[in-house]
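Observations on the three-dimensional arrangement
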Amino acid sequence: GENVEQHPSTLSVQEGDSAVIKCTYSDSASNYFPWYKQELGKGPQLIIDIRSNVGEKKDQRIAVTLNKTAKHFSLHITETQPEDSAVYFCAASNSTLTFGKGTMLLVSP
Amino acid sequence: DVKVTQSSRYLVKRTGEKVFLECVQDMDHENMFWYRQDPGLGLRLIYFSYDVKMKEKGDIPEGYSVSREKKERFSLILESASTNQTSMYLCASRPPTGQETQYFGPGTRLLVL
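Residues numbered from 1 in each chain as written. Chains lettered and ligands numbered in written order. Predicted model: local features only at pLDDT ≥ 70, side-chain atom pairs only at ≥ 80, totals over all residues. Heavy atoms only, no water.

**Focus: the overall build of chain B**
Our working rule: Segments assigned H or I by DSSP are reported as helices when at least four residues long, segments assigned E as strands when at least two residues long, and all are numbered from the N terminus. Taken over C-alpha atoms, the radius of gyration is set against a globule rule of 2.2 Å times the number of residues to the power 0.38. Only protein chains enter the accessibility calculation, which uses a 1.4 Å probe; a residue whose area is less than 20% of its type maximum is buried, one above 50% is exposed, and one in between is partly exposed. Note that accessible areas follow from Shrake-Rupley with a 1.4 Å probe, and for residues the cover is restricted to the protein chains shown. As used throughout, the charge tally considers Lys and Arg to be positive and Asp and Glu to be negative, leaving His and the chain termini uncounted. In plain terms, the charge of a residue is placed at NZ if it is Lys, CZ if Arg, CG if Asp and CD if Glu.
Check the secondary structure of chain B and you find zero helices and 11 strands. Along chain B, helices and strands appear, N-terminal first, in the series β-β-β-β-β-β-β-β-β-β-β. Computed over C-alpha atoms, the radius of gyration of chain B comes to 13 Å, within 12% of the 13 Å expected from 2.2 N^0.38 for 113 residues, which places it in the range of a compact globule. Principal axes of the C-alpha set define a box for chain B whose edges measure 40 × 25 × 25 Å. A buried classification covers 50% of the 113 residues belonging to chain B. Roughly 5600 Å² of accessible area belongs to chain B as shown, and the carbon and sulfur atoms make up 50% of that amount. Here chain B holds 16 positive side-chain charges and 15 negative ones, and the gap between their average locations is 6 Å.

This is the structure we're talking about:
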């Protein structure tokens, strides 16, 4: 089955800096790669996703890149703000989602 | 907006009890999922359902069963709760095939004593 590795497990940045979270996947048949943000006490919420026929996607301060050959994809957050502090999960899907173990992002004012 | 609700936010049960976790979605989604979330392990799929009365095992189905009698409701059942089932349980739903986005409920934090 699919295996998704996510790094780093924790990430601390200063407000205004950029943050990058990286994931690798094992199943070359996976074709959908969402990123979820989970705030304390809440369920995960989709923030951005990318499909295998696209190399990059951007939504305001958030971008995701996908390298199908290397089987890795990354989340980039620019101009981080304290409200970006949360746990972020990557996932890969062929039919069901397989999640990474999560990255706790802390943005200090 | 899609709304996925879970019957309890917090639940405390004793070892050996039968436990029901309920999930309801209001968007007529065919697909529903149950995950458990543990620190350092991320989200792991327990069971999912593509339609009423249909169920499929996920990655960690042992010790669990599910029921989907109505399209909007997907129940997770712990037949005999054990301490290693103490966890956060998340329900999700998804529109028909071709749209992979899953929408999550707020989660139920279960403590088994």
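Now, onward.
**Points about the packing of aromatic side chains**
To keep it simple, the criterion reads: Here is the rule: rings of Phe, Tyr and Trp (six-membered ring for Trp) pair when centre to centre is within 6.5 Å. Planes less than 30 degrees apart are stacked, more than 60 are edge-to-face, and the remainder are tilted.
Considering all chains together, one arrives at 14 aromatic pairs over all chains under this definition. Seen from their ring centres, Phe33 of chain A and Phe73 of chain A are 4.9 Å apart, and the 50° between their planes marks the pair as tilted. With Phe33 of chain A in strand S4 (residues 32–38) and Phe73 of chain A in strand S8 (residues 72–77), the pair connects residues that are 40 residues apart, well separated along the chain. Overall, the relative accessible area of 0% leaves Phe33 of chain A in the buried class. The exposure class of Phe73 of chain A is buried, given its relative accessible area of 0%. Both rings, one in Tyr35 of chain B and one in Phe104 of chain B, keep their centres 5.6 Å apart while their planes meet at 40°; by these two values the pair is tilted. One end of the pair, Tyr35 of chain B, is in strand S4 (residues 31–38); the other, Phe104 of chain B, is in strand S10 (residues 103–104), with 69 residues separating them in the sequence. Owing to a relative accessible area of 0%, Tyr35 of chain B belongs among the buried residues under this scheme. What links up through ring pairs into an aromatic cluster is the set Tyr36, Phe89 and Phe99 of chain A together with Phe33, Tyr35, Phe48, Tyr50 and Phe104 of chain B.

**Remarks on the sheet that holds S8 of chain A**
All names here are of chain A. To keep it simple, the criterion reads: A pair of strands is labelled paired if DSSP reports no fewer than 2 bridges between them. In this analysis an axis means a line fitted to C-alpha atoms, helices contributing only their contacting stretch, and an angle means the value between N-to-C directions, from 0 to 180 degrees.
Across the sheet, which stays open at both edges, the five strands sit in the order S1-S3-S8-S7-S6 with antiparallel pairing between neighbours. If you trace the sheet from one side to the other, it starts and ends with strand S1 (4–7) and strand S6 (56–59), each paired once. Taken over all neighbouring pairs, the strand axes of this sheet differ in orientation by 15° on average, direction set aside. Here S1 pairs with strand S3 (residues 19–25) via four bridges, running antiparallel. Across the sheet, Val4 pairs through a bridge with Tyr25, a residue of S3.

**A short note on the sheet that holds strand S1 (residues 4–6) of chain B**
Residue and element names in this part refer to chain B. Judged by pairing direction, the sheet is antiparallel, and its four strands sit side by side in the order S1-S3-S8-S7 without closing on themselves. Among the strands making up the open sheet, the edge pair consists of S1 and strand S7 (64–70). On average, each strand axis in the sheet is inclined to that of its neighbour by 20°, with strand direction left out of account. Pairing of S7 with strand S8 (residues 73–78) involves five bridges; the strand directions are antiparallel. By the bridge assignment for S8, Ser67 is matched with Ser75.

Interpretation in functional terms is not warranted from these geometric data alone.
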